[in-house]
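Residue-level structure breakdown
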Amino acid sequence: MSAADAARKRSAEDCKDEIEEVSRHQGDRLLLIAGYFAVRARLSPEDLLQEALTRVLCGDRQRPRDVDIVAFLGGVMKSIASSEVRKRARREDAGYAETPADLGLFADTVSDGRAGVEETICREEHDAAFHAWLYEQFDDDETQLVLLGVFEGLSGEELCVQTGVSKSQLATIRRRIRRKISEFEGRRGS
C-alpha cells in the first residue's frame, strides 16, 4: 500500500475507538443490516456482525476516512455474506449437498401437519432471493434501510425511528417500493 493510500485509510485502532462510540441507533441499524445479509448466507445476524467487527479490529479491513462506520461495516458484512454464498455454491457444484443436520435442523422430526423442513427452507430461500432482488432495485440509503426494516417486520413508527426518515418520507418510500413490486409481479404474470 502506498503512503497516499495509507493516509486515506483509518487504522484498526481508530476504528476500534469509533466502534466503541457507536450509538444505540447505529447499533440497531447494524443489526438490521446484518439480519438482511445473514439470511442469504444462512448465518445468524449476530455472528455476521461479530465477524465483520473482528475483521475490522484485526486490521483485515481498512476503512477509508470519508466512509461512515455504519456504511463501512455494512459493506464488510455484505462481503462476508457474499463469500459464504459463493462457498456454498462451490460445495453444491462439487456434489456436496447440505442435509437438514448441516443446517441445524433435525431430519428425524415427526410430521405434525405443519410445513416440512424442506418446504420451510425453500420458502426462506425464495424470500431471501426476492428480498435481495428488491434491495438491489434501489440505490439510495434511505430506501435500502427502510427495506431492511420491513424485512425485519418493523412497524411504521419503528421504521421512522430506526432509519431517521419522517412519516411523509416513509410514505413516499413505501409507494416506490410498492410500484417496484407491482412491476415485478406484472413481468412475472406475463
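Provided above is the structure to which this section pertains.
Everything quoted here is computed from the prediction, not taken from an experiment.

Across its full length, the protein carries nine helices and zero strands. Taken from the N to the C terminus, the helices and strands of the protein come in the order α-α-α-α-α-α-α-α-α. Among the 190 residues that make up the protein, the fraction classed as buried is 27%. Looking at the protein as shown, the accessible area adds up to about 11900 Å², and 50% of this sits on carbon and sulfur atoms.

Structurally, the position occupied by Gln137 is in the loop between α6 (117-136) and α7 (141-151). Judged by relative accessible area, Gln137 falls into the partly exposed class, the value being 29%. Residues Gln137 and Ile177 lie 40 residues apart in sequence; the distance between their C-alpha atoms is 9.1 Å.

In this section: the pattern of salt bridges. What the rule picks out here adds up to four salt bridges. In this structure, Arg24 engages Asp28 in a salt bridge whose closest nitrogen and oxygen atoms are separated by 4.0 Å. Placement of both Arg24 and Asp28 in helix α3 (residues 24-41) is noted, with a separation of four residues, approximately one turn of the helix. Exposure remark for Arg24: the relative accessible area of 72% places this residue in the exposed category. Across the salt bridge formed by Lys87 and Glu84, the nearest N and O atoms sit 3.4 Å from each other. Here the residue Lys87 and the residue Glu84 both occupy positions in helix α5 (residues 69-93), the gap between them amounting to three residues, near one helical turn. Looking at Lys87, the relative accessible area reads 33%, which means it is partly exposed.

Parameters and conventions
Residues numbered from 1 in each chain as written. Predicted model: local features only at pLDDT ≥ 70, side-chain atom pairs only at ≥ 80, totals over all residues. Heavy atoms only, no water. Helix = DSSP H or I, 4+ residues; strand = E, 2+ residues; numbered from the N terminus. Buried < 20%, exposed > 50% of the residue type's maximum accessible area, 1.4 Å probe, protein only. Areas by Shrake-Rupley, 256 points an atom, 1.4 Å probe, with all protein chains shown as cover. Salt bridge = Lys/Arg side-chain N within 4 Å of Asp/Glu carboxyl O.

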